[in-house]
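So you can see what is in the structure, the chains are spelled out below.
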Amino acid sequence: MPQAAFNDVIKRSFDDLSKRLNGSASGPLHKMREAALKSFIEQGVPTTRHEEWKYANVLPFIGLEYSRVSEIAKSVTEKDIDEALGELVSVLESGWRVTIVNGQFRGDLSYLPAAVTGVSVDVLSDKLIANDEVVRAAYGSVAKSDAHPFVAMNTALACDGVVIRVAKGSEMKRPLHIAIISDARQVNVLTTPRILIVAEEGSEIDIVETHSTIGDQQALDVSVSEIAVGSNAHVRFHKVADDQDDSRHIGYTAATVARDGRFTSHCINIAGNFIRNDLVINLADVGSQAYLYGASVLGGVQFADSHTVVDHAVNNCHSEELYKGIYDGSSIGVFNGKIFVRPQAQKTTAYQSNHSVLLSDKAQVNAKPQLEIWADDVKCSHGATLGQLNDEAIFYLRSRGIDADKARALMTYAFVAEVLEHIDHEGLREFCEKRVASKLGTEPLSL
Amino acid sequence: MTPILQITDLTAGIEDREILKGVSLTVNPGEVHAIMGPNGSGKSTLASVLAGREEYAITGGTVVFRGNDLLELSPEDRARQGMFLAFQYPVEIPGVSTANFLKTSVNELRKFRGQEPLAPAVFLALMRERMKLVEMDQSFLSRSLNEGFSGGEKKRNEIFQMAMLEPILAVLDETDSGLDIDALRIVAGGVNALRTPTTATIIITHYQRLLDYIIPDVVHVLWDGRIVRSGGKELALELEKRGYDWIKQEAAEVA
Ligand SMILES: Nc1ncnc2c1ncn2[C@@H]1O[C@H](COP(=O)(O)OP(=O)(O)OP(=O)(O)O)[C@@H](O)[C@H]1O
Ligand SMILES: [Mg+2]
């Protein structure tokens, strides 16, 4: 039974952590860890019989031997990180970087806004929880352990997570990059990075979250990011999965949006073996807005599963969602998009669309829009299409001297570019365009 | 003088249905040929076979284009060697702007000829100049190719592409259909401006009207997969007056 073995790994890691913590094992964070561990054991590792995990089979890799991350030497260097991030380093050079290696914040490898007012980065600690009311209220309540087995797992094991606070009214011009690294050079690692972002009233920030594996051993990265978007604040969150071919990532991003706040998310899946992203947005107060963009460009045996939830909890909120995918080889894509409109959420506007193109007979996509609407005075729509490339269009391009492969690349690139064009940060948009184009065998269209 | 195009006894069809039943046609440099004929007679099929549409099976005959076996070539290689088809129904291609599409296309043709890609500024200037030929507005450049274009706009865009690609042989399949009177004049003016002594044009049309503007050297009537009659430009006038029945009758008598 791989589940039982995995539970043991988690329990042992938890015990390890408890010992290592000594005194603070009685603090509030560890109390939460205890509760989360219990919740994780209760929920169990999901199998494909579980509705939400129907296509995401985690059994093949939860049975592996994972070493306890605390044993691993802190040997990751700046150079290793630069190599793992590649071109993204120069793209985000003007910004700040919070580096997390095997779940632990690494100040020595980070570039932090030291003398800058408006944004601060701290390690999640009992002291912070005790002293900071906002952090206390947000941590573990934006992403709840009982809602998701891997949130529970992450909460049970997360230590040295990071809290990013954007102060009231601060419009951050530079992006903040959260570089999450799994160092699997010596042993298999199971990492549990944990991020809390608090964007206070009227603030604005671009966050870029990336996950990179280094080394040839196996890494399983189970991360949770919680984002509290204050009233009138705007958080633009970007998650780029462009990792090693054999990497595995289970990520959970949750945001609550306060009055007239805005949360924009871009999830771009380019490379990695197994990518599961849950994105859960709670439009908690009047006038709040969510924009969800997603693109998957998969090939080979890649798997990417996007589960999104937009919960319209109150009246006069707005959400727009556009997810697209291109699937080649024997890759598998999943889109599950839930929209809840609660009875009191009158005057809701919620739009969702999801479009997929299969480039090969062996590729698969499973798309499921799920709108549950309990209010009557609302405007909601969803549209989903699944298709192959239009042969007529390919012939048209070929008749103009463009060979068949290039014609396909042009069309698939154009298909995905309609998602990427929503990325405001120019450098990041161009980076994504370039990566997507190169994966599709073309170059970004420039006119 | 080597002909640009020489079709001999071409038979082609789809599945087990024969559509072209022995077409022969020679087009020399500098010439304009018109192909007329009733609906369903095989005009677009002939154009598609020339452009290389793969769903049509060639069952017999030969097509020589500039001295080479055309039927051996992929659609893209035909285009690179100077074949151009203005589609009867141009396809909409979402997300690919007209400008980007043309840049790719022009540079593919240049690459084939061993030329460097055009510098962006030069390319833009060329596009602006050639758009004027068909009086197309520059706003079309940034729009997705043919997407949401009106019928007439799509046809103009075909001729604009022709102006950009400078083909050796242009086959215009009902480019006049759906054009208003002014647009017809503009499009015809564009085609005439592109005529050279070394290139040729095949115009597929139902109406004499276009041929008032683009004077053909030869007019052919395609009926039931065969060219049953060829003549000078007066043949088009006669067809306009008398319809196709008399030709069908004559053809039936011969057969
Ligand atoms: N892809 C196809 N599948 C089935 N039948 C076809 C196909 N293409 C052409 N045909 C048939 O072949 C015949 C000739 O068609 P074609 O489009 O070449 O005619 P046309 O002369 O261009 O007619 P029109 O003047 O209406 O444009 C028609 O009967 C048509 O239905
Ligand atoms: Mg036709």
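## With respect to the overall build of chain B
Check the secondary structure of chain B and you find ten helices and twelve strands. For chain B, whose C-alpha radius of gyration is 18 Å, the value lies close to the compact-globule estimate of 18 Å for 255 residues. Its C-alpha atoms put chain B at 60 × 40 × 35 Å along the principal axes. With 255 residues in all, chain B has 55% of them scored as buried. Partitioning the intrachain contacts of chain B with sequence separation of at least 6 by distance along the chain shows that 68% fall at a separation of at least 24. Carbon and sulfur atoms provide 49% of the accessible area of chain B, an area that totals close to 11100 Å². Both charge centroids of chain B, one from 27 positive and one from 35 negative side chains, sit 4 Å from each other.

## A word on the sheet that holds strand E10 (residues 200-204) of chain B
All names here are of chain B. Pairing is mixed across the open sheet formed by six strands, whose spatial order is E6-E9-E10-E3-E11-E12. Either end of the sheet is taken by a strand with one partner, and the two such strands are strand E6 (83-86) and strand E12 (226-231). With direction set aside, neighbouring strand axes in the sheet form an average angle of 20°. Bridge analysis of strand E9 (residues 169-173) against E10 gives five bridges, and the strand direction is parallel.

## Structural notes on the packing of helix H2 (residues 28-43) of chain A against helix H8 (residues 149-157) of chain A
Residue and element names in this part refer to chain A. Contact pair H2 / H8: the axes reach a minimum separation of 7 Å and the direction vectors enclose 145°. Crossing of H2 against H8: the hand is left-handed. Facing H2, whose interface residues are Met 32, Arg 33, Ala 36, Leu 37, Ser 39, Phe 40 and Gln 43, H8 presents Pro 149, Ala 152, Met 153, Thr 155 and Ala 156. Grouping the amino acids of the contact of H2 with H8 by side-chain chemistry returns eight nonpolar, three polar and one charged.

## Re the coordination of the magnesium ion (ligand 2)
Residues and elements named next belong to chain B. Listed as protein donors to the magnesium ion (ligand 2) are Ser 44 (OG) and Gln 88 (OE1); their distances from the metal cover 2.0 to 2.3 Å. In this pair, Ser 44 sits in helix H1 (residues 43-51) while Gln 88 sits in the loop between E6 and strand E7 (93-97), placing the two residues 44 residues apart along the sequence. What makes Ser 44 partly exposed here is its relative accessible area of 25%.

## Here we look at the site of ligand 1
Residue and element names in this part refer to chain B. Taken together, 15 residues lie near ligand 1, and Lys 43, Ser 44, Thr 45, Tyr 56 and His 206 sit nearest. A distance of 2.9 Å is found between an oxygen atom of ligand 1 and a backbone nitrogen or oxygen belonging to Gly 40. One of the backbone nitrogen or oxygen atoms of Ser 41 is found 3.2 Å away from an oxygen atom of ligand 1. When ligand 1 is considered free in solution it has 630 Å² of accessible area, and contact with the protein chains removes 67% of it. Looking at the shell around ligand 1, the elements that each hand over two or more residues are strand E2 (17-27) and H1. If one sorts the elements of the shell around ligand 1 by residue count, H1 sits on top with three residues. Classifying every residue of the shell around ligand 1 gives four nonpolar, eight polar and three charged.

## Some points on unusual backbone geometry
We note that Asp 9 of chain B has phi near 50°; this positive angle belongs to a residue other than glycine. Examined against the element boundaries, Asp 9 of chain B turns out to sit in strand E1 (residues 5-14).

## A word on the confidence of the model for chain B
Per-residue pLDDT for chain B has a mean of 94; in total, 100% of the residues score no lower than 70. Among the prediction metrics, the complex's ipTM stands at 0.96, with pTM recorded as 0.89.

## So, the environment of Ala 167 of chain A
Residues and elements named next belong to chain A. Within the fold, Ala 167 resides in the loop between strand E4 (162-166) and strand E5 (176-183). Sequence separation between Ala 167 and Glu 443 is 276 residues; the distance between their C-alpha atoms is 40 Å. In contact with Ala 167, other than residues within four places in its own chain, are Gly 118, Glu 200 and Ser 203.

## Notes on the sheet that holds strand E8 (residues 204-214) of chain A
Residue and element names in this part refer to chain A. Pairing is mixed in the open sheet, where ten strands are placed in the order E2-E1-E5-E8-E10-E12-E14-E16-E18-E20. At either margin of the open sheet sits one strand with a lone partner, and together these are strand E2 (104-105) and strand E20 (379-387). Here seven bridges tie E8 to strand E10 (residues 234-242), and the two strands are oriented parallel to one another. By the bridge assignment for E10, Glu 204 is matched with His 234. Docked against the sheet, helix H11 (residues 426-440) engages E8, E10, strand E12 (262-271), strand E14 (289-298) and strand E16 (318-327), running at close to 25° with respect to E10.

## Digging into the nonpolar core
Judged by nonpolar contacts, the single largest core of 126 residues is most densely connected at Leu 5, Ile 7, Phe 160, Leu 169 and Val 171 of chain B. Counting residues per element, this core draws most heavily on helix H10 (residues 404-420) of chain A, which supplies ten residues. Inspection of this core shows a minimum of three residues originating in each of domain 1 (67-390) and domain 2 (391-447) of chain A. Ignoring sequence-local partners within four residues, the contact set of Phe 160 of chain B consists of Thr 98, Leu 102, Met 127, Arg 130, Met 131, Val 134, Met 136 and Leu 141 of chain B. By size, the runner-up hydrophobic cluster in this structure holds 38 residues, among which are Ile 180, Ile 197, Val 235 and Leu 279 of chain A.

Calculation notes
Residues numbered from 1 in each chain as written. Chains lettered and ligands numbered in written order. Predicted model: local features only at pLDDT ≥ 70, side-chain atom pairs only at ≥ 80, totals over all residues. Heavy atoms only, no water. Helix = DSSP H or I, 4+ residues; strand = E, 2+ residues; numbered from the N terminus. Rg over C-alpha atoms; globule rule 2.2 N^0.38 Å. Buried < 20%, exposed > 50% of the residue type's maximum accessible area, 1.4 Å probe, protein only. Contact = heavy atoms within 4.5 Å. Areas by Shrake-Rupley, 256 points an atom, 1.4 Å probe, with all protein chains shown as cover. Lys, Arg positive; Asp, Glu negative; His and termini not counted. Charge placed at Lys NZ, Arg CZ, Asp CG, Glu CD. Pairing = 2+ DSSP bridges. Axes fitted to C-alpha atoms, helices over the stretch in contact; angles between N-to-C directions. Left-handed = near helix turned anticlockwise from the far one by under 90°. Nonpolar A, V, L, I, M, F, W, Y, C, P; charged D, E, K, R; others polar. Donors = N, O, S within 2.8 Å, 3.2 Å for Na, K, Ca; no water. Near = heavy atom within 4 Å. Polar contact = N/O pair within 3.5 Å; in protein donor to acceptor, adjacent residues only side chain to side chain. pLDDT = per-residue confidence, 0-100. Core = buried A, V, L, I, M, F, W, Y, C linked by side-chain atoms within 4.5 Å. Domains from an automatic or database assignment.

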